[in-house]
Amino acid sequence: MAFKPNPIRTLAKSNKWQTIYYHSRNSSGVKVFENNSDLSEIQIIFLQWLEIYRNLYQDLAIGEEFMSKEVLENEILTDAYLLHKQKKNKKRKSKTKKTRKGLVFGT
Amino acid sequence: MEKKTLDKETLARRLAQLEDELQIEPLIRDNKIEFPHKKSTFRVRKPKVGESLELNQKRAEQKIILLKRGNIQTKKQIIALLEKEGVDLGALEKKMITLQKKHDNLLDKMLKIEDKNVRAKLEQQVLDIRDEKNLLSMEKNDYLEGSLEQQLDAFSNSYLLFLTLEEKIKKGWKRVFGSYEELKNSDNLDLLYKASNYSQVLSYYGI
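Before going into details, it helps to say that this report is about the structure given with it. (Residues numbered from 1 in each chain as written. Chains lettered and ligands numbered in written order. Predicted model: local features only at pLDDT ≥ 70, side-chain atom pairs only at ≥ 80, totals over all residues. Heavy atoms only, no water.)

Side note on the overall build of chain B
Applicable threshold: Helix numbers and strand numbers start at the N terminus; a helix is a DSSP run of H or I with at least 4 residues, a strand a run of E with at least 2. Note on definitions: a residue-residue contact is assigned when non-hydrogen atoms from the two residues lie within 4.5 Å. Accessibility throughout is a Shrake-Rupley quantity obtained with a 1.4 Å probe, and a residue counts as covered only by protein chains that appear here.
Looking only at helices and strands, chain B has nine helices and four strands in total. Counting helices and strands in the order they occur from the N terminus, chain B gives α-α-β-β-α-α-α-α-α-β-β-α-α. If you take every contact in chain B between residues at least 6 apart in sequence, the share linking residues at least 24 apart comes to 67%. Put simply, chain B shows about 12400 Å² of open surface, and 51% of that area lies on carbon and sulfur atoms.

What follows is the structure, given as structure tokens:
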């Protein structure tokens, strides 16, 4: 089956929607949706992708390891990057937990 | 409301189909999907609070009707029956988990490889695994066809259509069907199929 990018992700990644999202976060009166409450599941999913892509653009700006324009443009590579980031965060969290434990118990 | 289940692949397929036929952007914006059919314009929309309550109540009533009628199995009962027949759905699920692990390992590998050709090959393998998983998921659904849960989902989907499928009349919108019975007796299957696909994208739960 030919691969088709997920249209919700394509929208969330777009310059237009990232700008709308940015301004909506700064309480400038710009709204992402026409409704303010009672969001549908698809709107919640869209918000999640807006936030994910906002973070990815930030990673690109600060030159995070493995992040590039090519990664952002390719949905599967983006998935690979997100998985990598998830694993990295998990490792960091467990390391912090161990350090805290060490500080408390002196191990 | 009980959560409907729609796997990620099915949702992605429906969304892609939606994108082929009309823009997804207005849907995101206001929870309404307008579409042309023959010479008219129709829409499906998110149900209002009162309509959701009505839907829940009708679903509960339908559950009692189906249970009273008897001769209906829940998913759990069907799984137990299949096990006796030698069909192990648990093994199918394990296979899906194994595929997911393989998929994630490939993704992990892919990011660290710079050679574009090797990357493309890995990408194809990832897509193949996704297809394989999709097929397994459909196979599992086929086994559970006719279960109480699936019949209730089908009922909810059609009742939701009765509540939220509207036709554009001059400047306003009017329900297409005056009653659920009218919808059930309708032979406008093209319209119902189209509307049902859009409605399910709109009311999709649990990613």
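Quick notes on the sheet that holds strand 4 (residues 172-175) of chain B
All names here are of chain B. The following threshold applies: Only strands that DSSP links by at least two bridges are regarded as paired with each other. For helices, the axis comes from a line fit to the C-alpha atoms of the stretch in contact; other axes are also lines fit to C-alpha atoms, and the angle between any two N-to-C directions lies between 0 and 180 degrees.
Taken together, four strands build an open sheet; the order of strands is 1-2-3-4 and the sheet is antiparallel. Bordering the open sheet on either side are strand 1 (32-37) and strand 4, each of which pairs with just one other strand. The sheet shows a mean angle of 35 degrees between the axes of neighbouring strands, direction not considered. Bridging between strand 1 and strand 2 (residues 40-45) involves six bridges; their strand directions are antiparallel. If you follow Glu34 over to strand 2, its bridge partner there is Arg43.

Some points on the packing of aromatic side chains
Using the following cut-off: A pair of Phe, Tyr and Trp rings is counted when the ring centres sit within 6.5 Å of each other, with Trp represented by its six-membered ring. The angle between the planes then sorts it: under 30 degrees is stacked, over 60 is edge-to-face, the rest tilted.
Following the criterion strictly, the structure yields ten aromatic pairs over all chains and no others. On the basis of an interplanar angle of 50 degrees and a centroid distance of 6.3 Å, the ring pair of Phe33(A) and Phe46(A) is categorised as tilted. Here Phe33(A) is found in the loop between helix 2 (15-25) and helix 3 (41-61), whereas its partner Phe46(A) is found in helix 3, with 13 residues between them in sequence. With a centroid separation of 5.3 Å and an interplanar angle of 70 degrees, the aromatic rings of Tyr159(B) and Phe162(B) are classed as edge-to-face.

Considerations on helix 7 (residues 148-164) of chain B
Our working definition: A helix's residues, less one, multiplied by 1.5 Å, set its expected span. Relative accessibility thresholds used throughout: buried, under 20% of the residue-type maximum; exposed, over 50%; partly exposed, between the two (1.4 Å probe, protein chains only).
Over its 17 residues, helix 7 of chain B runs 24 Å from end to end, which matches the ideal 24 Å to within 8%, given 1.5 Å per residue. Within helix 7 of chain B, 13 of the 17 residues are buried, which leaves it mostly tucked inside the rest of the structure.

A word on the interface of chain A and chain B
Going by this rule: As used here, buried area is the combined drop in accessible area, with a 1.4 Å probe, of two parts when they are placed together. We count a salt bridge whenever a side-chain nitrogen from Lys or Arg sits within 4 Å of a carboxyl oxygen from Asp or Glu. Polar contacts, as used here, are pairs of N or O atoms within 3.5 Å; protein pairs need one atom able to donate a hydrogen and one able to accept it. Residues neighboring in sequence count only if both atoms are side-chain atoms.
On the chain B side, the residues contacting the 36 residues of chain A number 32 residues. Carbon and sulfur atoms make up 63% of the area that chain A and chain B hide from each other, which totals about 3200 Å². The tally of links between chain A and chain B comes to five salt bridges. Residue Asp38(A) is joined to Lys46(B) by a salt bridge in which the shortest nitrogen-to-oxygen separation is 2.9 Å. Counting across the chain A and chain B interface gives 13 residue pairs in polar contact (both at pLDDT 80 or more).

Structural notes on the packing of helix 5 (residues 89-112) of chain B against helix 6 (residues 116-143) of chain B
Residue and element names in this part refer to chain B. Defined as follows: Every angle not falling under 35 degrees, over 145, or within 65 to 115 is termed oblique; those three ranges are roughly parallel, roughly antiparallel and roughly perpendicular. Should the near helix be turned anticlockwise from the far one by less than a right angle, the crossing is left-handed, and should it be turned clockwise, the crossing is right-handed. Under this grouping Gly is polar, as are all residues other than the nonpolar Ala, Val, Leu, Ile, Met, Phe, Trp, Tyr, Cys and Pro and the charged Asp, Glu, Lys and Arg.
Here helix 5 crosses helix 6 at 165 degrees, and the two axes come no closer than 10 Å. With respect to each other, helix 5 and helix 6 are oriented roughly antiparallel. Crossing of helix 5 against helix 6: the hand is left-handed. Here the contact of helix 5 with helix 6 is built from residues that sort into 13 nonpolar, four polar and eleven charged.

Describing the packing of helix 7 of chain B against helix 9 (residues 189-202) of chain B
All names here are of chain B. Their axes nearest at 10 Å, the elements helix 7 and helix 9 cross at an angle of 100 degrees. One finds that helix 7 runs roughly perpendicular with respect to helix 9. In contact with Asn157, Leu160 and Leu161 of helix 7, helix 9 contributes Leu192, Ala195, Ser196, Ser199 and Gln200.

Don't take any of this as a statement about function, it's just geometry.
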